Amino acid sequence: MNTHAPQHHRPNRRPNRLRGRRHGVAATVTAVAAAVVAGVLAPSAATAAPRPDSVQQRLDALVKDDGMPAALATVKGRDGRTRTYTAGVGDLATKAKVPVDGQVRIASNTKMFTAVVVLQLVAEGKIGLDANVDTYLPGLVRGDGFDGRNITVRQLLQHTSGLPEYMNTGGIISDPKRYVEPRELLDAALAQKAHFAPGTQWEYNNTNYLLAGLIVQKVTGRPIGEEITKRVVERIGLRHTYFPLAGDVTIHEAHPKGYLRGEDGSLTDYTELDPSWGWAAGAMVSTNTDLTRFYEALLGGRLLPAAQLAQMRTTVPAEMLGAGVRYGLGLISRPLSCGGVSWGHGGAIPGYETFGGITEDGRAASITVTAFPGNGDAGAHAEQAVDEALCR
């Protein structure tokens, strides 16, 4: 497929969610359980690439060889120019074109936004990174092997709390438009046993960011979505990024449809769903280009003071996400084949999976595919595409 010139989108009006049918739920649930997880991401402005190149070839292969309905990318090269790419079709039923830089559900990339808000509040003296959860949510976190008096805010952001996972993927897939209150999600986690003592291990866990969102709300007196909008989205001018309101199951602007893949390989349209179950851990909608702008602003010091950005970039091993991968405070570092690392996050949700990263010198890449889970090695191929884009 050829690259396309960027499109201008209408202003945001309201939030969004997810929906679909059920094929091969058993295997799909297993894959989605790891969902709102890793990847990475990147920065900037947009001019179309003049001709097919290695990025375009990689996207074409994700469609042709890995069975993705569509793939979209934004890449900022060594020359400082940002280019957008598309491959495949935006709608399997109508064969409509993929909107250039279309909106997608960014899933666990939301954790980056939540972590930034927490760290801004740390800089303002309103939250202590090493204060315990009970300082802000007294008596809320009690259960079998865990106690909010022994878990710190830092451990929530770094996934070292030992708390159990709240995610019920079977319920999400079977009833994707159902709205879920954060407290209902938390109760599902607190009914389980702790996985390990706080600070002794690393384990990716959405419950950590559920609690981080609740702490933000307690400290500010405002919904987490409003704080993210005011402190991040509006501050750096992300015009196509938003935190969905309760009950919004749509994607507001031009977007490719997202599909859930069953164990038999069938694809079910899950574009419309209520991402309330992702909340502060995975509810947001954005574009590849807005995500790259976010990462540029973050690493460029426009969102956090130097001290808090340094804390965010202080990492622990996270080999569950890949060899050499490390996790900071809502920020992933991933080694590159050409040396150095990329910084970002990434995420997966029924319908969409995003991969990407930004380097220390500002090279960036963000790639989204429109089916989850993928066929076979699709995720590895997308990661390789990001690596190649950052290393060329």
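Residues numbered from 1 in each chain as written. Predicted model: local features only at pLDDT ≥ 70, side-chain atom pairs only at ≥ 80, totals over all residues. Heavy atoms only, no water.

### Quick notes on the overall build of the protein
Broken down by element type, the protein carries 12 helices and 16 strands. When burial is assessed residue by residue, the protein has 60% of its 392 residues classed as buried. Residue pairs in contact within the protein that sit at least 24 positions apart in sequence constitute 76% of those at least 6 positions apart. (Helix = DSSP H or I, 4+ residues; strand = E, 2+ residues; numbered from the N terminus. Buried < 20%, exposed > 50% of the residue type's maximum accessible area, 1.4 Å probe, protein only. Contact = heavy atoms within 4.5 Å.)

### Observations concerning the state of the cysteines
If you walk through the whole model with that rule in mind, you get one disulfide. One disulfide in the model links C338 with C391; its S-S distance is 2.1 Å. Residues C338 and C391 are joined through a disulfide that is left-handed, its torsion about the S-S bond being -75°. Of this pair, C338 sits in the loop between β11 (332–335) and β12 (341–344) while C391 is found in helix α12 (residues 378–391), placing the two residues 53 residues apart along the sequence. (Disulfide = S-S within 2.5 Å.)

### Quick look at the pattern of salt bridges
Scanning the model with the defined rule gives 23 salt bridges in all. E388 is paired through a salt bridge with R58; the nearest N and O atoms lie 2.9 Å apart. With E388 in helix α12 and R58 in helix α2 (residues 54–64), this residue pair connects regions lying 330 residues apart in the sequence. Taking relative accessible area as the criterion, R58 reaches 27% and is therefore assigned partly exposed. Two residues, E383 and R334, come together in a salt bridge whose shortest N-O distance is 3.8 Å. (Salt bridge = Lys/Arg side-chain N within 4 Å of Asp/Glu carboxyl O.)

### Let's talk about the confidence of the model for the protein
The predicted model of the protein averages 89 in pLDDT, with 87% of residues at 70 or higher. Note that pLDDT drops below 50 for residues 1–45; the model gives that stretch 223 contacts with residues more than four away or on any other chain. (pLDDT = per-residue confidence, 0-100.)

### Focus: the nonpolar core
By size, the foremost hydrophobic cluster in this structure holds 82 residues, and its most contacted members are F113, V141, L211, F294, L298 and M312. Counting residues per element, this core draws most heavily on helix α3 (residues 110–123), which supplies nine residues. Residues in contact with F113, not counting those within four places in the same chain, are I106, I228, V232, V233, L238, T241, M284, L291 and F294. Listed in part, the 23 residues of the second largest apolar core include L59, L62, L336 and C391. (Core = buried A, V, L, I, M, F, W, Y, C linked by side-chain atoms within 4.5 Å.)

### Considerations on the sheet that holds strand β7 (residues 267–269)
Pairing within the open sheet is mixed, and its three strands lie in the order β7-β6-β16. Strands at the two margins of the open sheet, each flanked by one partner only, are β7 and β16 (371–372). (Pairing = 2+ DSSP bridges.)

### What about the pairing of strand β15 (residues 364–369)?
A large share of β15 lies buried, amounting to six of its six residues. Residues A364, S366 and T368 point to one face of β15 and A365, I367 and V369 to the other, with burial holding for every one of them. Two strands pair when backbone bridges link them, and strand β1 (residues 70–76) and β15 are joined in this way by six bridges, in the antiparallel orientation. From the neighbouring strand, A71 faces β15, where its bridge partner is V369. In this structure, strand β14 (residues 352–358) lies alongside β15, joined through six bridges in antiparallel fashion. In the strand pairing of β15, T354 is matched with T368. Here β14 folds back onto β15, and the loop between the two strands holds five residues, one of which, G362, carries a positive phi near 95°.

### So, the side chain of T368
Within the secondary structure layout, T368 lies in strand β15. For T368, a relative accessible area of 0% corresponds to the buried category. For T368, the side chain forms a polar contact with the side chain of T354, separated by 3.1 Å. If sequence neighbours within four positions are ignored, T368 has contacts with A70, A71, L72, V104, N288, Y352, E353 and T354. (Polar contact = N/O pair within 3.5 Å; in protein donor to acceptor, adjacent residues only side chain to side chain.)

### With respect to the environment of V219
Secondary-structure assignment places V219 in helix α7 (residues 206–220). Among the residues examined, V219 registers a relative accessible area of 26% and is labelled partly exposed. Residues V219 and V118, spaced 101 residues apart in sequence, show a C-alpha to C-alpha distance of 9.8 Å. Sequence-distant contacts of V219, defined by excluding residues within four places in its chain, comprise K126, I127 and Y136.

### Quick word on the environment of D264
For D264, the position within the fold is in the loop between β6 (259–261) and β7. By relative accessible area, which is 53% here, D264 ends up exposed. A polar contact is formed between the side chain of D264 and the side chain of S266, at a distance of 2.7 Å.

### Observations concerning the packing of α3 against helix α10 (residues 288–299)
Interaxial distance between α3 and α10 falls to 12 Å at its minimum, and their mutual angle equals 30°. For the element pair α3 / α10, the angle class is roughly parallel. Crossing of α3 over α10 shows left-handed handedness. Residues M112, F113 and V116 of α3 pack against L291, F294, Y295 and L298 of α10. (Axes fitted to C-alpha atoms, helices over the stretch in contact; angles between N-to-C directions. Parallel < 35°, antiparallel > 145°, perpendicular 65-115°, else oblique. Left-handed = near helix turned anticlockwise from the far one by under 90°.)

### Comments concerning the packing of aromatic side chains
Two measures describe an aromatic ring pair: the distance that separates the ring centres and the angle between the ring planes. Considering all chains together, one arrives at five aromatic pairs under this definition. Ring centres 5.7 Å apart and planes at 45° place the aromatic pair W202 and Y327 in the tilted group. Pair noted here: W202 is in the loop between α6 (182–190) and α7 and Y327 is in strand β10 (residues 326–327), with a separation of 125 residues, a long-range link. Judged by centre distance (6.3 Å) and plane angle (75°), the ring pair of Y204 and Y327 falls under edge-to-face. Here Y327 lies in strand β10 and Y204 lies in the loop between α6 and α7, a separation of 123 residues in the sequence. Assigned by exposure class, Y204 and Y327 land together as buried. Put simply, the rings of F113, F294 and Y295 touch in pairs and so form one group of aromatic residues. (Phe/Tyr/Trp six-rings, centres within 6.5 Å; stacked < 30°, edge-to-face > 60°.)

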